[in-house]
2 protein chains.
Amino acid sequence: MKFSSKVERCRLSPMRKFHPYAVAAEQRGRRIYHLNIGQPDIATPSACFDAVRRFNRNVLAYAPSPGIPELIEAIRGYYARLGMDFAADDILITTGGSEALAIAFQCILDDGDEVLIPEPFYPNYNTMVATCGAHIHPIPTCPEEGYRYADRARIEAEINEHTRAIVVTNPGNPTGVVLTHDEMRMIADVAKEHDLFLISDEAYREFVYGGEALQSMGEFADAAEHVVLIDTVSKRFSACGARVGCLISRNRELMGHALKYCQSRLSVATLDQVAAAALYGVDPSYFAAVREEYKLRRDTVVAALQRIPGVLCECPPGAFYLMAALPVDDADTFQQWLLEEFEDNGDTVMFAPGEPFYATPGKGRNEIRIAYVLKQADLERAMELLAKGIEAYNNR
Amino acid sequence: MKFSSKVERCRLSPMRKFHPYAVAAEQRGRRIYHLNIGQPDIATPSACFDAVRRFNRNVLAYAPSPGIPELIEAIRGYYARLGMDFAADDILITTGGSEALAIAFQCILDDGDEVLIPEPFYPNYNTMVATCGAHIHPIPTCPEEGYRYADRARIEAEINEHTRAIVVTNPGNPTGVVLTHDEMRMIADVAKEHDLFLISDEAYREFVYGGEALQSMGEFADAAEHVVLIDTVSKRFSACGARVGCLISRNRELMGHALKYCQSRLSVATLDQVAAAALYGVDPSYFAAVREEYKLRRDTVVAALQRIPGVLCECPPGAFYLMAALPVDDADTFQQWLLEEFEDNGDTVMFAPGEPFYATPGKGRNEIRIAYVLKQADLERAMELLAKGIEAYNNR
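Because the structure is predicted, anything quoted here is derived from the model rather than measured.

S.K.: Can you lay out the sheet that holds strand 9 (residues 321-325) of chain A for me, pointing to particular residues and giving the numbers?
M.R.: Residue and element names in this part refer to chain A. Reading across the sheet, the three strands line up as 9-12-11 and stay open at both edges, with antiparallel pairing between neighbours. Unpaired on one side and paired on the other, strand 9 and strand 11 (352-353) mark the two borders of the sheet. Strand direction decides the pairing type here: strand 9 and strand 12 (residues 367-371), joined by five bridges, are antiparallel. Bridge pairing links Ala 324 to Ile 368 in strand 12.

In structure tokens, the structure reads:
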């Protein structure tokens, strides 16, 4: 049978491709330290579960296609506290940030179009963009520069007649790069001047460790026609399994098109929207505690990495990921070897090999993404395993 | 700004387009009888809410991309009781039947491809197919024949070199048509002989009123490479707001491609999957009671329609919809008039105008879809309003 040429271009998730090897290693009695998936271990605020338990309608009915008013109002309130004033119909509730991204791309992209994305980038963008028949055009970065990309000349050099949008993940997954306010302003200006959409994936907004104010591309009122915000409760409230996100834009035509997609899939899960609305009422002290915890974890991982000979890793200012270049020939082969051949006291470690985070062939081969989502002691042990693994792998 | 040529071809949902007029009518004090949306008023089995209340993990984490094993096992058990033996990896849990449909189309369709669908059909198929750059090629039917389409010559006449799949909704939305076992066998044979996928949307499987056994295209083992089942808990358990469905196929290559999409959106909502798994444990007497209730409603609506002069409506054997041809010039204009000009004791009625259920321009203009999802007394009043409305509209 023949399949879509678009799906043939897509790949399985690099974060999940070693899953069968991990299962086999566990069956051999290995304990695996998982740094490969961005699933936080932080408790979800109890408001989430309380709201669901209080739900007392007797029919679990469709919600309105744009989302339940209670959640839309909660999100408006959250942005108002950050100084941004969105109307209710600037916000469409989506099934996670993932659906918001998919809808934004589907509204904008035609076959042969390009979106500019700094590489390394979140690999699921590949499937979403390929589904539209479009391509990711990477903005190059390098580990030596801490993966920073916000240079006007560097970005403008990649714009061509096929470019339809710039996508930034800020704070960055997988790099942890956080844009300064001036850099955000510059990117918004580039989008305006070149008449491009600016899709800003701000899932990790709260995860910044330099004491800076929370930021959003939504602050630039003059770029309102261009800016599309992607947001989600997944990381903010450690509620990844709720699958509740939103698409936010003041571009009325875009929102009109996006509503067509929202109607075609009817609605987002009702109970999860009720839970998400309750989460937005969580006391701000929650974020302060979470931020402290992640900062500690980041510092632990970075300090340990910088002690490993030959590892290249700058201290990233945000999110809960980092990229590091390792002194190995191929991170993919190394990961498989760690699962199949290596053990230290019965333990081994998993990360995400770097190559699938790049669009440029061959780039990222000796790099890895680490999600520092484990407790401090586990992270220390995981870093020890990585150090021992590198040494044993190179001496094998 | 420029938008995707694909989204420009999509329209808002015809079931929801009169929403603003309905709101305005309600603000003028009208009571509206809603027959326009397929949202059942039947209580969701309490097992759904009980399961959610019992959830006691402290992190609402991502579920596995293919779905939680507990739900996949529950669905396997349900199909086993119907005589079909599916492996765990023949099943991917999706965000409603809607996502299962979108994924199936995205795996199969390229620009310029066609899918054969009997018209009138579920209008959201339009958006899903257009997103892939493909087109719906209709199999014609007519109200005089009760919208039946399962004729080999009629189907084969529409197959051409662009055809990639046949889509059937069985039992049918919007027509209530139910295929006989022989008709299903014939359609599976056509798919095999012409090397087409057969996407069988079986959301309404339990809603059949002639005492027949529950059926599925999944029964035809010899067509396993061709058959793709779309299923959902939405109507079966009156749990539309759970947004839990599944894609089922024994075609391994298709399932491999579908998994890429499942991974790119990470997972389906965790709590809803737990709830859905519990729903599959509901006692079969639940379905018997629900079926009796809908059969009564159908008979009420059909009898009332057949008493209205000039209305054409056969008694449909399944689902909870029917199409009827009205003695009016244009059902769209008539609906707007019902909301803006008409009232009887302060009441009016809403249905879905028929034209958007067709791909052939001009067809369905005097037809409507009725969802008989209200209690008996309300349905009787709604039919009275329709009869009075038709008379007043034609005498205005």
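The structure having been displayed, the exposition proceeds.
S.K.: Account for the interface of chain A and chain B, naming residues and giving values.
M.R.: In this assembly, 79 residues from chain A lie in contact with 80 residues from chain B. Counting the surface lost from both chain A and chain B, the interface buries some 6,500 Å², and carbon and sulfur atoms represent 54% of this. Three residues stand out in chain A for area buried against chain B, namely Met1(A), Phe3(A) and Tyr62(A), and they jointly supply 12% of the buried area on that side. Where chain A meets chain B, there are three salt bridges. Of the charged contacts, one joins Lys6(B) and Asp111(A) as a salt bridge, the two residues approaching to 2.6 Å between their closest N and O atoms. Mapped onto the side of chain A that touches chain B, the elements with two or more residues apiece are helix 1 (5-8), helix 3 (46-54), helix 5 (96-108), helix 6 (124-131), helix 9 (252-264) and helix 10 (270-279) of chain A. Considered class by class, the residues forming the side of chain A that touches chain B number 35 nonpolar, 24 polar and 20 charged.

S.K.: Provide a residue-level description of the relation of the copies chain A and chain B, including the pertinent values.
M.R.: With an RMSD of 0.0 Å, chain A superimposes on chain B once it is rotated by 180° and translated 0.0 Å along the axis. The symmetry that links the two subunits is that of a two-fold axis. Minimal C-alpha separation from the rotation axis in chain A is found for Arg53(A), amounting to 2.6 Å. The share of interface residues of chain A whose copies in chain B are also at the interface is 100%, consistent with both copies meeting through the same surface.

S.K.: So, helix 9 of chain A: which residues are in play, and what are the values?
M.R.: Residues and elements named next belong to chain A. With 13 residues, helix 9 should cover 18 Å at 1.5 Å per step; its first-to-last C-alpha distance of 19 Å lies within 8% of that length. Regarding helix 9, the residues found buried are Leu 254, Met 255, His 257, Ala 258, Lys 260, Tyr 261, Cys 262, Gln 263 and Ser 264. By the N-cap criterion, in which a side-chain oxygen at the helix start approaches the backbone nitrogen of a residue two or three places on, helix 9 is capped by Asn 251, the distance to Glu 253 being 3.1 Å. Phi for Leu 266, located one or two positions after helix 9, is positive at around 70°.

S.K.: Explain the packing of helix 4 (residues 69-81) of chain A against helix 10 of chain A residue by residue, including any values.
M.R.: Residues and elements named next belong to chain A. Where helix 4 contacts helix 10, the axes come no closer than 8 Å and their chain directions differ by 30°. The angle between helix 4 and helix 10 places the two elements in the roughly parallel class. The chirality of how helix 4 crosses helix 10 is left-handed. Taken together, the residues of helix 10 that come into contact with helix 4 (itself represented by Glu 70, Leu 71 and Ala 74) are Gln 273, Ala 276 and Ala 277. Looking at the contact of helix 4 with helix 10 residue by residue, the classes come out as four nonpolar, one polar and one charged.

S.K.: Any details on the packing of aromatic side chains? Residues and values, ideally.
M.R.: One pass over the full model with this rule turns up 50 aromatic pairs over all chains. With a centroid separation of 6.5 Å and 25° between ring planes, the pair formed by Phe121(A) and Tyr125(A) is classed as stacked. Assigned by exposure class, Phe121(A) and Tyr125(A) land together as buried. Arranged with centres 6.3 Å apart and planes meeting at 20°, the rings of Phe334(B) and Trp337(B) form a pair that is stacked. Here Phe334(B) and its partner Trp337(B) are both found in helix 12 (residues 331-340), three residues apart, which amounts to about one turn of the helix. Note on Phe334(B): relative accessible area 0%, which makes it buried. An aromatic cluster of three or more residues is present, and its members are Tyr78(A), Tyr79(A), Phe86(A), Phe237(A), Tyr280(A), Tyr286(A) and Phe287(A).

S.K.: Before we move on, could you go through the side chain of Asn36(A) and cite the residues and values that matter?
M.R.: Residues and elements named next belong to chain A. By the element assignment, Asn 36 lies in the loop between strand 1 (31-34) and helix 3. One polar contact links Asn 36 to His 34, side chain to side chain, over a distance of 3.1 Å. What Asn 36 contacts, discounting residues up to four positions off in sequence, is Met 15, Met 350, Phe 351, Ala 352 and Arg 369.

S.K.: Please provide a residue-by-residue account of unusual backbone geometry, values included.
M.R.: With an omega dihedral of -5°, the bond running from Asn170(A) to Pro171(A) counts as a cis peptide bond. Residue placement: Pro171(A) occurs in the loop between strand 5 (163-169) and helix 8 (181-193). Along the chain, Asn173(A) connects to Pro174(A) via a cis peptide bond; the corresponding omega equals 20°. Non-glycine residue Arg243(A) carries a positive phi angle of around 55°. Relative to the helices and strands, Arg243(A) is located in the loop between strand 7 (227-232) and strand 8 (245-248). Residue Ser238(B) is not a glycine yet carries a positive backbone phi of 45°. By the secondary structure assignment, Ser238(B) is in the loop between strand 7 (227-232) and strand 8 (245-248).

Reading the values: rules and limits
Residues numbered from 1 in each chain as written. Chains lettered and ligands numbered in written order. Predicted model: local features only at pLDDT ≥ 70, side-chain atom pairs only at ≥ 80, totals over all residues. Heavy atoms only, no water. Pairing = 2+ DSSP bridges. Helix = DSSP H or I, 4+ residues; strand = E, 2+ residues; numbered from the N terminus. Contact = heavy atoms within 4.5 Å. Buried area = accessible area lost by both parts, 1.4 Å probe. Salt bridge = Lys/Arg side-chain N within 4 Å of Asp/Glu carboxyl O. Nonpolar A, V, L, I, M, F, W, Y, C, P; charged D, E, K, R; others polar. Least-squares fit on C-alpha atoms with pLDDT ≥ 70 in both. Expected span 1.5 Å × (residues − 1). Buried < 20%, exposed > 50% of the residue type's maximum accessible area, 1.4 Å probe, protein only. Polar contact = N/O pair within 3.5 Å; in protein donor to acceptor, adjacent residues only side chain to side chain. Axes fitted to C-alpha atoms, helices over the stretch in contact; angles between N-to-C directions. Parallel < 35°, antiparallel > 145°, perpendicular 65-115°, else oblique. Left-handed = near helix turned anticlockwise from the far one by under 90°. Phe/Tyr/Trp six-rings, centres within 6.5 Å; stacked < 30°, edge-to-face > 60°.

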